[in-house]
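Letter by letter, the chains look like this.
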Amino acid sequence: DTGVSQDPRHKITKRGQNVTFRCDPISEHNRLYWYRQTLGQGPEFLTYFQNEAQLEKSRLLSDRFSAERPKGSFSTLEIQRTEQGDSAMYLCASSFRSGQNTDTQYFGPGTRLTVL
Amino acid sequence: AQTVTQSQPEMSVQEAETVTLSCTYDTSENNYYLFWYKQPPSRQMILVIRQEAYKQQNATENRFSVNFQKAAKSFSLKISDSQLGDTAMYFCALVETSGSRLTFGEGTQLTVNP
């Protein structure tokens, strides 16, 4: 059983460029989450999907950020017109939610973004 | 809104000894789950232990156990027989049953010394 994978692991870009990250969840998981983690801090929630539906977005997710999960499997997170403040680790997590039972989220290795 | 606080930015322990990491939280809900995650240097976040708020019994996973005090909103992690591989950043996190997002604390950097 493979875990959550993310690609790329590292991305360096210039301010103003667009970047896209990919996350592949654990295969049977129906939920997929995106978090952002800055150095020395805990992760902060950005958004999550149940199957292909995006059910919640944080106010941290400005209109330059967009996330998709088109077929309920992998997800992409795109940042347009990157700014230096976007530099962070972007973490993906997945889980299986059944009924009212709270699911445990399993994390990927993250994509470290550096905006120059 | 829920909050999680870890008041110990750094801790150290000698190999084979026991260490306790502190976490306090706040939530207006009665049903929630608490987690400890471990993030080794340059490696991914790993689940250490999970506690359901409706359970009075403290969760245990091998050398890891929690002291869950619901009235005090406290959730500490005890690591027994510390090993060098336990060196990592440890995060306490909460999710309300009615929601989905994990809320994390600031983290505690634990160093196990040989």
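What you see is a predicted model, and the numbers here were worked out from it, not measured in a lab. (Residues numbered from 1 in each chain as written. Chains lettered and ligands numbered in written order. Predicted model: local features only at pLDDT ≥ 70, side-chain atom pairs only at ≥ 80, totals over all residues. Heavy atoms only, no water.)

A. Quick look at unusual backbone geometry. The omega torsion across Asp7(A) and Pro8(A) is -5 degrees, close enough to zero to call that bond cis. You can see Pro8(A) is positioned in the loop between strand S1 (5-7) and strand S2 (10-13). Phi is positive for Asn51(A), which is not a glycine, with a value near 55 degrees. The residue Asn51(A) is located in the loop between strand S5 (44-50) and strand S6 (53-57) in this model. Phi at Asn62(B) is positive, roughly 55 degrees, even though this residue is not glycine. The residue Asn62(B) is located in the loop between strand S7 (60-61) and strand S8 (64-69) in this model. (Helix = DSSP H or I, 4+ residues; strand = E, 2+ residues; numbered from the N terminus.)

B. Representation of the state of the cysteines within the structure. Throughout the structure, instances matching the rule amount to two disulfides over all chains. Cys23(A) shares a disulfide with Cys92(A); S-S distance 1.8 Å. In this structure the cystine formed by Cys23(A) and Cys92(A) twists about its S-S bond by roughly -70 degrees; its chirality is therefore left-handed. Taken together, the positions of Cys23(A) in strand S3 (residues 19-24) and Cys92(A) in strand S9 (residues 88-95) put the pair 69 residues apart, joining distant regions of the chain. Assessed through its relative accessible area of 0%, Cys23(A) is described here as buried. Shown here is the disulfide that connects Cys23(B) with Cys92(B), its sulfur atoms set 2.0 Å apart. Between Cys23(B) and Cys92(B), the S-S dihedral sits near -70 degrees, and the bridge is therefore left-handed. On the criterion of sequence distance, the pair formed by Cys23(B) in the loop between strand S3 (19-21) and strand S4 (24-26) and Cys92(B) in strand S10 (residues 88-96) is long-range, its members being 69 residues apart. (Disulfide = S-S within 2.5 Å. Buried < 20%, exposed > 50% of the residue type's maximum accessible area, 1.4 Å probe, protein only.)

Any link to function would need more than the numbers given here.
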